[in-house]
Every structure is written in C-alpha cells, then in structure tokens.
Amino acid sequence: MAEENRVVLIGGHGKVALLAAPKLVGRGYAVNSLIRNPEHAADISATGATPVVIDIESAGVGQLAQAFSGASAIVFSAGAGGGNEHRTRAVDYDAAVRSMQAAKQAGVDRFVMVSYSRALVDVDSLDPANSFYTYAKAKHDADAYLRGTELDYTILGPGALTLEPASQRVVLADKAGKVNGADVEGEASQTSRENVAEVITHVVANNAARRSTVNFYNGNMPIVEAIV
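So, here is what we can say about the structure in this document.

1. Here's the deal with the overall build of the chain
Now for step 1: The helix and strand tally for the chain stands at 8 helices and 11 strands.
Now for step 2: Projected onto its principal axes, the C-alpha positions of the chain cover 45 × 40 × 35 Å.
Now for step 3: For the chain, the proportion of its 228 residues judged to be buried stands at 49%.
Now for step 4: Surface summary for the chain: the accessible area is close to 10400 Å², and the carbon and sulfur share equals 47%.
Now for step 5: Charged side chains in the chain number 20 positive and 25 negative. The centres of these two groups are separated by 3 Å.

Here it is as structure tokens:
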C-alpha cells in the first residue's frame, strides 16, 4: 500500500522524464527521479523532483525495491540511447525487468513503461544486422515481460520523438503503429516529448489505460478523451 502519492521516475535525467517530473509535481505527487550521474542532481531538483542516485544498469532487485518502497507508481523512462548493443540490452531489457521485479517486491502495482509505437512488430520485419534491431528487440521483450506480470501496467508507444511543445492532443495507433490501418510516416509519425510527458501524467493521475498498451502520435484528440 502506498504511503503517499509518490512517483518514481526511472531515467530521471532523460528528456521525457525531465518534462514529466514538474507535471507530476503540479498534480500533487512527490517525485523521486533516479539518476546515474550525481552531477545531474541540480537539474532534477530544478523540476521539483528529488534526485536519487542509483545506476539501474548495476542495481539489484533489492536495491531498486528499497527505492520503490511506498511509491504509488513507477515510470520506466530510461534508455541506453543506442550505439552500444550490450548497454542497450542491459538498460532497455535487463534493467527494465529488474525494475518490474522490484516493483512487485516493493508492493507497488502501478507500472508505466515508455516504449515506442512499433515495438510489438519491428522484430519481425527488421534484419538482425540492422543497427536498430537490438533496441527494437530489447523494447519488444521488456514489453512482453511486463504484459506477463501481474502488475497494473500501462505501456506507452509514442512515435518519433521531437522537441515541440505539448499540444495535449494525440491520435491513437494500433498495435502495429498504424492509424486507420495505414502506415504513417513523416510528421504524422511524430510525437513531441512533452506530449509523452503529458500522457505519462494523465495515465498516472487518472489511473487510465490500465493493463493496456497505448500507441500514439501527435494528433487532434485531447489526451484526456483519447486515453481512458
């Protein structure tokens, strides 16, 4: 049972998490942002969140569970950033799985995973030699693991991330990232990072999209109407 309205953001210094933290604080949550580099602590504090220095790549389940104890929700928004296959798997899959196990151990049911819109299907069409394959496989497998848990999960699948301000409006995509059965490309396949932060805040604050996957791009429908 959560002792307070506290959210733990994993990957706290990432662009999405830095945008989500002040929105969650504004909704009355205490936010603990997990960071690897203590030099990033001031950036976290500036958002209104509390920095917690933990390297999720090396932290065990017990250490993570201790950090999660008493929280009302966990948001996994970490990523290795590509470029290093070993580290991509270590962060985007291994650390994600340990975080899920730690959430269960800590008794925190609500778990929000930031994935991407084609995570379910890219592994079936990409050549394993493709530089994107390791990331796609890690995200696919982490999402699959989460769906197999008893956690009260929401998997968020935005499109290509941009730096535009939040429109607070989205269009929903199907499990393959298509809209109305059609592939999307160019601007239609983009999602602003701040819209992702808005969606995180919405699903946490309103307990929306429970035990479901939500793929979305920038669109015309207000978030609060699109995601229930």
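On we go.
2. Brief notes about the packing of aromatic side chains
Now for step 1: Taken as a whole and assessed by the stated rule, the structure comprises 3 aromatic pairs.
Now for step 2: Their ring planes at 80 degrees and their centres at 5.6 Å tell us that Tyr 116 and Phe 132 sit as a pair that is edge-to-face. Of this pair, Tyr 116 sits in the loop between strand S5 (110-114) and helix H5 (122-125) while Phe 132 sits in the loop between H5 and helix H6 (133-147), placing them 16 residues apart in sequence.
Now for step 3: Judged by relative accessible area, which is 11%, Tyr 116 ranks as buried.
Now for step 4: Classification of Phe 132 by relative accessible area gives partly exposed; the value is 33%.
Now for step 5: Where Phe 132 meets Tyr 135, the ring centres are 5.4 Å apart and the plane angle is 50 degrees; that geometry is what we call tilted.
Now for step 6: Take Tyr 135: its relative accessible area is 25%, and that puts it in the partly exposed class.
Now for step 7: Through pairs of rings, three or more aromatic residues link up here, namely Tyr 116, Phe 132 and Tyr 135.
Now for step 8: Its end group placed over the ring of Tyr 93, Arg 89 keeps NZ or CZ at 4.2 Å from the ring centre.

3. Notes on the pattern of salt bridges
Now for step 1: This model, assessed by the stated rule, comprises 7 salt bridges.
Now for step 2: One salt bridge connects Glu 194 with Lys 23, and the closest N-O pair in it is separated by 2.8 Å. Here the residue Glu 194 occupies a position in helix H7 (residues 193-205), and Lys 23 occupies one in helix H1 (residues 15-26), the gap between them amounting to 171 residues.
Now for step 3: Under the relative-accessibility criterion, Lys 23 is labelled buried at 17%.
Now for step 4: Two residues, Asp 141 and Lys 137, come together in a salt bridge whose shortest N-O distance is 3.4 Å.

4. Quick look at the sheet that holds strand S2 (residues 30-35)
Now for step 1: Across the sheet, 9 strands lie side by side as S3-S2-S1-S4-S5-S6-S10-S8-S11; this open sheet has mixed pairing. On the outer flanks of this sheet lie strand S3 (50-53) and strand S11 (221-222), each paired with one strand and no other.
Now for step 2: Sheet strands touched by helix H3 (residues 61-68): strand S1 (6-10), S2 and strand S4 (73-76). Its angle to S1, the strand with the most contacts, is close to 140 degrees.

5. Details of H7
Now for step 1: Over its 13 residues, H7 extends 18 Å from the first C-alpha to the last, a length consistent with the 18 Å expected when each residue adds 1.5 Å.
Now for step 2: Burial analysis of H7 places 11 of its 13 residues in the buried class, the great majority of the element.
Now for step 3: Along H7, the positions that sit buried rather than exposed are Arg 193, Asn 195, Val 196, Ala 197, Glu 198, Val 199, Ile 200, Thr 201, His 202, Val 203 and Val 204.
Now for step 4: Phi turns positive, to about 50 degrees, at Asn 207, one or two residues after H7.

6. Points about the pairing of strand S8 (residues 169-173)
Now for step 1: Across 2 bridges, the pairing between S8 and S11 is antiparallel. Residue pairing for S11: Val 170 is matched across the bridge by Met 221.
Now for step 2: Two elements, S8 and strand S10 (residues 212-218), share 4 bridges in a ladder whose sense is antiparallel. Pairing of Val 170 across the sheet is with Asn 218, part of S10.

What counts and how
Residues numbered from 1 in each chain as written. Predicted model: local features only at pLDDT ≥ 70, side-chain atom pairs only at ≥ 80, totals over all residues. Heavy atoms only, no water. Helix = DSSP H or I, 4+ residues; strand = E, 2+ residues; numbered from the N terminus. Buried < 20%, exposed > 50% of the residue type's maximum accessible area, 1.4 Å probe, protein only. Areas by Shrake-Rupley, 256 points an atom, 1.4 Å probe, with all protein chains shown as cover. Lys, Arg positive; Asp, Glu negative; His and termini not counted. Charge placed at Lys NZ, Arg CZ, Asp CG, Glu CD. Phe/Tyr/Trp six-rings, centres within 6.5 Å; stacked < 30°, edge-to-face > 60°. Lys NZ or Arg CZ within 6 Å of the ring centre and 35° of its normal. Salt bridge = Lys/Arg side-chain N within 4 Å of Asp/Glu carboxyl O. Pairing = 2+ DSSP bridges. Contact = heavy atoms within 4.5 Å. Axes fitted to C-alpha atoms, helices over the stretch in contact; angles between N-to-C directions. Expected span 1.5 Å × (residues − 1).

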